[in-house]
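Survey of secondary and tertiary structure
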Amino acid sequence: METPKPPAIIHFDGYGSFEVRPITINTNRSDSSDTYICPETHFFCPGNLTYCVPVFVRCNGVYDCPGREDEEGCDRYQCPGFYRCRASTICVHANHTCDGVLHCPQHDDELFCNITCPQNCTCQGLAFYCYGQFPAEQYQELRFLHAPNSGLAPENLKLNSMLIYLNLAKSKIKHFENVQFINLRTLDLSDNELSSLSTTQMNTMKNLQTLSLAGNPLVFLSNSDYDFQFLSFSSVRTLDLSNTIISELNITAFLKCPKLTFLNLTGCGVKRIVGEGFRSLTLLRHLDLRRCPVKEYPTDIFEGLGDLREVWADNYKLCCPATFPQGFYVTKCHSPTDEISSCDALLRSNFYRIILSVFAALALIGNLGSFVYRTLINRESSNLGFAVFVTHLCISDFLMGVYLAVIGIADRIYQGDYLWKDEIWKRSAGCKVAGFLSLLSSEVSALIICLITLDRFLVIRFPFRNIHFKKTSAHIACALIWLLGIVLAGIPLLPVTEHWNFYSQNGICIPLPITRNDFAGHDYSFSVMIIVNFILFLLIAAGQIFIYWSIRTNSIAAEDSNKQSKDLTIARRLITIAVSDFLCWFPVGLLGLLASSGVPVPGEVNVVIAIIILPVNSAINPFLYTINSLLEKRRKAREKKIQKMIMSTIAGKYSETVISRLDDTHTRSEALHMIKKWMSQKVISLQNLEQIVRNAQENMENLENETEKGL
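Bear in mind the structure is a predicted one, so any value in this text is a computation, not a measurement.

A few points about unusual backbone geometry
- Positioned with a positive phi, Cys59 is a non-glycine residue whose angle comes to about 60 degrees.
- Along the chain, the position of Cys59 falls in the loop between strand S6 (51-54) and strand S7 (83-84).

In C-alpha cells:
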C-alpha cells in the first residue's frame, strides 16, 4: 500500500494492514504544532510529517513515527489512563481491550473479556470504579479497583491477588491484614480508622511502590511496643503519612525504605527529629513537613541527600542554607519567613535593633531619672496619693526597659550563631525572666494609670470631700496591683502550666495572641493581654474624657484668666495621657479580636507590637508625668520672680510718693507695714498685671486720702 501523506490518522487492524483516515483540524488554535488533534486512543507524532498512531504501538520496539518519537522515553512511560500489558512497556487504550484484536505480546488485553460490570460500579475492562459494595470474590482477575467511601473491607478482597491498584480510602477500615496483594503497586488506605499495621501484612507486598496512610489514627513512637521501623517498605517510592500522629520522628524508622523518593509528613505534628538525619534515604527528592512544628533536629539532617529537589516546612530554620547539602537550591525550600528572627540573628532587621535600643534607653533612663527625682530630690510633704502612683508607675515602666535590654543583649550574644541556639535561648531562664518582666510591666502600668485616672476623677468630681487617695491608701492600692501583676505574669510558670512553654514560643519571649496561629496558653494570653487590657483602656479613656470635660467647663465659667490657663494646661496633659494609652492598647485589642474572628493578621505584627507599641507608654510616661512637672515648676518659679520684681517696683514707686508726704514717723511706719502686708497677701501673675497696677493705684490713692484725713 502506498504511504499516505500527512496529516493523517493511522488505524491498524492488528493483522498487518492499516487504514488512513483524515485528521481533525482545530481552527481555534493558531500554533501550527497543535493544529492537528489526535483522539485519546492515538499518539501524536510531531514534526513536519504529522501522523496519529495507536497508543499500543508506542514503546513496542518498532519505529512507527517518521521521526521515531514513539520509542522515546520508554523507561519513564507510565501508561496514563491505559492498560499496561503484562511484562511489557506497551499500553492499550480501553477501546482496544477486548476488541477481538491481540495488542499485548502475551495477549492479556483479550483475557476476561466476558466480565459483567457489577452494580454500584463503572468498569473499563479489568478496572472498576465503585461507590458501593459488590461481590469482589467473583472478579478474581480484577486489576484496578478505585472504591473510596464504598464500605469495602480488606477481607472482601482475599481472592483478588491480581490487583495492581487499590483505593479503599474513607471506608472505616480498622484492620488491614490476612490478605495477599503480591502484585499491588499502589495502595491508598487514607482517612480510615487504622491504629496499627500488621508487620507481616506489609512485608508481603514486595512490589508496592505508592502507599498512603494519611488521616489514620496511627501513632508512631520510638519507644512503643509497635514501632514503625520494623515495617519493610523496600520497594516503596512514595509514602504519604500526612495527618497521622508522629510527635517524635526517629529517622531510623526509614532504614528499610531505601527507594523512597517522596515522603509526605504534612500535619503529623512532628516536634522533634532524632537520629542521624535523612541520610539513609539517599534517593529522597521531595520532603513535606508542613504543619509540623519541628523545633529540634540534627544539624546534619539533610546530609548525603544529593538528589533532594524540594522541601516544604513551617520552621524557617529548615530552609537555612547551612542545613542543606551542597548543590541544593535554597529557593526550592518553601517555608514562611520568621517575622522575628533570621538564620543568623534573633532580630532579623537592623531597623528593629535601632527601635529597640531607642525605646530601651528612653524607658531605662527616663524612668530611673524620674524615680530618683521624686524619691531623693523633690520630697514633697503633701499627703496626696498622686505622687505615690507616679513613683510606682516609674518602677513598672523601668521593668519594660529591662525587658527590652535583655532582648537586645540576647540578640547580640547569639548573633551569627542563632540558627543552632535559638531553642537554647527560648528555653533559658533569661527568656522566661524577660517575658515575665514584659507581662508584669504592661499589666501593672495599665492598672496604675487606671488608678491615677480614678484618683483625678475623685478630686474633680468630689473636690470638697475627703474621699480621694492619701499616701497610705495609695501605697496599699499599689501593693495590691503589684501582687495582681505578679500573679498574672507568674501563672504560666506554675507546674500545672509549665507544659505551655508560655514564654518560649518565640525569640522575643512574649506570645501575643494577635495571629491565628494557635499555641499552648493561647486562651490565657488572649484573656489577659486582649480582654483585660482592652477593658482597662476603655475605663482610662472614659475617665480622662470626663476629667478633661469637667476642667474645661469649669475653666470657661471662671472669671480668673490665670485659673483658666492652669486648668487648660492640666486638661491638655491628661488628654495626652489618654491618647498615648489609645495608641498602645487599642491596636493590640483590635488586632487580637480580628485574629480571634479568623481575619488574617501578618505574623510580623508580633514584633511591631512587642518592640514598638507596648514600650511606647513606658518610654513616654516619664515625660508626661515628671518632665512636664519640672517644666511647670520652673515656669511658676520664673513667674513668681517676675511678680516680685513688678510688686517691688510698684510698691517702691507709690510708697515713696505717699510716705514722703507723711511727717509723723509713727504714721509713716504704719503705712509701710500696710503696703508690705498687702504685697504679701496679693497673688499676682503676668496675665493680670494691668489689674494689679490699677488696684495698686487705687490703694495708694485711698492711703493718701486716709493719710490726709489723719493729718
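Points about the pairing of strand S9 (residues 121-124)
- In this structure, S9 lies alongside strand S10 (residues 127-130), joined through 4 bridges in antiparallel fashion. Directly across from Thr122, in S10, lies its bridge partner Tyr129.
- The loop that links S9 with its antiparallel partner S10 comprises 2 residues; one of these, Gly125, has a positive phi angle of about 65 degrees.

Observations regarding the sheet that holds strand S1 (residues 8-12)
- Ordered in space as S2-S1-S6-S5, the 4 strands form an open sheet in which the pairing is mixed. Only two strands of the sheet have a single partner each, and these edge strands are strand S2 (18-21) and strand S5 (42-45). Neighbour-to-neighbour, the strand axes of this sheet turn through a mean angle of 25 degrees, independent of strand direction.
- Bridge analysis of S1 against S6 gives 2 bridges, and the strand direction is parallel. Its bridge partner lying in S6, Ile9 is registered against Cys52.

Observations regarding the pattern of salt bridges
- For the coordinates displayed, the defined rule picks out 10 salt bridges.
- Notably, a salt bridge pairs Asp288 with Arg290, separated by 2.5 Å at the nearest N-O pair.
- Since its relative accessible area comes to 37%, Arg290 is described here as partly exposed.
- Residues participating in the shared-partner salt-bridge network are Lys317, Asp422, Glu423, Lys426 and Arg427.

Observations regarding the nonpolar core
- Within the largest apolar cluster, 139 residues are counted, with the highest numbers of intra-cluster contacts made by Phe134, Leu145, Leu263, Phe278 and Tyr403.
- Looking at which element gives the most residues to this core, the answer is helix H5 (residues 429-461), with 15 residues.
- With near-sequence residues (within four places) excluded, Leu263 lies in contact with Leu239, Phe254, Phe278, Leu281, Leu284, His286, Leu287 and Asp288.
- Counting residues in each nonpolar core, the second largest holds 13 residues, with Ile10, Cys45, Phe56 and Val57 among its members.

Quick word on the state of the cysteines
- Scanning the entire structure with this criterion turns up 10 disulfides.
- Disulfide pairing is shown between Cys45 and Cys65; the S-S distance is 1.8 Å. Looking along the S-S bond of the Cys45-Cys65 disulfide, the torsion reads about -65 degrees, which is the left-handed sense. Of this pair, Cys45 sits in strand S5 while Cys65 sits in the loop between S6 and S7; the two residues are 20 residues apart in sequence, bridging distant segments of the chain.
- Between the sulfur of Cys117 and that of Cys123 lies a disulfide, 2.0 Å long from S to S. Taking the sign of the torsion about the S-S bond as the criterion, the disulfide between Cys117 and Cys123, at about 75 degrees, is right-handed.
- Residue classification places Cys117 among the partly exposed residues on the basis of a relative accessible area of 34%.
- By relative accessible area, Cys123 is classed as partly exposed at 24%.
- Its sulfur unpaired, Cys268 is 5.2 Å from the next cysteine sulfur, which belongs to Cys292.

Observations concerning the packing of helix H3 (residues 386-413) against H5
- H5 packs onto H3 with a crossing angle of 155 degrees between their chain directions and a minimal axis gap of 8 Å. Between H3 and H5, the angle is such that the two are roughly antiparallel. Read as a crossing pair, H3 and H5 show a hand that is left-handed.
- Counted by class, the contact of H3 with H5 contains 18 nonpolar, 8 polar and 3 charged residues.

Rules used in this analysis
- Residues numbered from 1 in each chain as written.
- Predicted model: local features only at pLDDT ≥ 70, side-chain atom pairs only at ≥ 80, totals over all residues.
- Heavy atoms only, no water.
- Helix = DSSP H or I, 4+ residues; strand = E, 2+ residues; numbered from the N terminus.
- Pairing = 2+ DSSP bridges.
- Axes fitted to C-alpha atoms, helices over the stretch in contact; angles between N-to-C directions.
- Salt bridge = Lys/Arg side-chain N within 4 Å of Asp/Glu carboxyl O.
- Buried < 20%, exposed > 50% of the residue type's maximum accessible area, 1.4 Å probe, protein only.
- Core = buried A, V, L, I, M, F, W, Y, C linked by side-chain atoms within 4.5 Å.
- Contact = heavy atoms within 4.5 Å.
- Disulfide = S-S within 2.5 Å.
- Parallel < 35°, antiparallel > 145°, perpendicular 65-115°, else oblique.
- Left-handed = near helix turned anticlockwise from the far one by under 90°.
- Nonpolar A, V, L, I, M, F, W, Y, C, P; charged D, E, K, R; others polar.

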